[in-house]
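Chain and residue survey
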Amino acid sequence: MKLQESGENYLETILLLRQQKGYVRSIDIANALQFSKPSVSRAVGILKKAGYIQVESSGNIVLTGEGEKRAGKVYERHRVITRFLADALGVDEKTAEEDACRIEHVISEESFSRIRAYVGEREEKVK
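The structure contained in this document is the topic of the report that follows. (Residues numbered from 1 in each chain as written. Predicted model: local features only at pLDDT ≥ 70, side-chain atom pairs only at ≥ 80, totals over all residues. Heavy atoms only, no water.)

**As for the environment of Ala71**
As for its placement among the helices and strands, Ala71 is situated in helix α4 (residues 65–88). On a C-alpha basis, the gap between Ala71 and Ile14 in space is 8.1 Å, while along the polypeptide they are 57 residues apart. In this structure, Ala71 is in contact with Leu11, Glu12, Leu15 and Leu63, ignoring residues within four places of it in sequence. (Helix = DSSP H or I, 4+ residues; strand = E, 2+ residues; numbered from the N terminus. Contact = heavy atoms within 4.5 Å.)

**Quick notes on the packing of aromatic side chains**
One pass over the structure, following the stated rule, counts two aromatic pairs. Taken together, a centroid distance of 5.9 Å and an interplanar angle of 50 degrees make the contact between Tyr10 and Phe35 tilted. Of this pair, Tyr10 sits in helix α1 (residues 5–21) while Phe35 sits in the loop between α2 (26–33) and α3 (37–49); the two residues are 25 residues apart in sequence, bridging distant segments of the chain. For Tyr10, a relative accessible area of 6% translates into the label buried. Taking the relative accessible area as the measure of exposure, Phe35 reaches 40% and is therefore partly exposed. In this arrangement the basic side chain of Arg77 is found over the ring face of Phe112, its NZ or CZ atom lying 5.1 Å from the centre. (Phe/Tyr/Trp six-rings, centres within 6.5 Å; stacked < 30°, edge-to-face > 60°. Buried < 20%, exposed > 50% of the residue type's maximum accessible area, 1.4 Å probe, protein only. Lys NZ or Arg CZ within 6 Å of the ring centre and 35° of its normal.)

**Notes on helix α6 (residues 109–126)**
Taking 1.5 Å per residue, 18 residues should reach 26 Å; α6 reaches 26 Å between its end C-alpha atoms and fits that length. Turning to α6, its buried residues number three or more, namely Phe112, Ile115 and Val119. Angularly, the buried residues of α6 cover 65 degrees about the axis, an arc narrow enough to put them on a single face. Residues of α6 that are exposed and point over 90 degrees away from its buried face: Glu110, Arg114, Glu124 and Lys125. Check the buried side of α6 and you find it contacts α4. (Expected span 1.5 Å × (residues − 1). Arc of directions from axis to C-beta.)

This is how it looks when you write it as structure tokens:
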């Protein structure tokens, strides 16, 4: 299923919240993204129907295998592009974060692979 940018942002947020808190509820997502509870409820329903998340009887939201894979891919792109913009190009950290959040959804696999290799090479030289 083709997932839009907003869906990828939700998956990435669920992944990060789980890493921070150990669990994720709709209210946590709403607070993190500064969205209304009805908006989050709608998105959760879409992601659940698409097979990216499950909602436990306790209300906890968990990523499925496919959701985990997709969220991890988006988060990796975010981290690598942020490092590239900040370290290689000298963009200030806040701007690099904001730009990476937009770029991560549209960059081609070829371009991302080359950026990842470049960032990896730079990190090896620093060690």
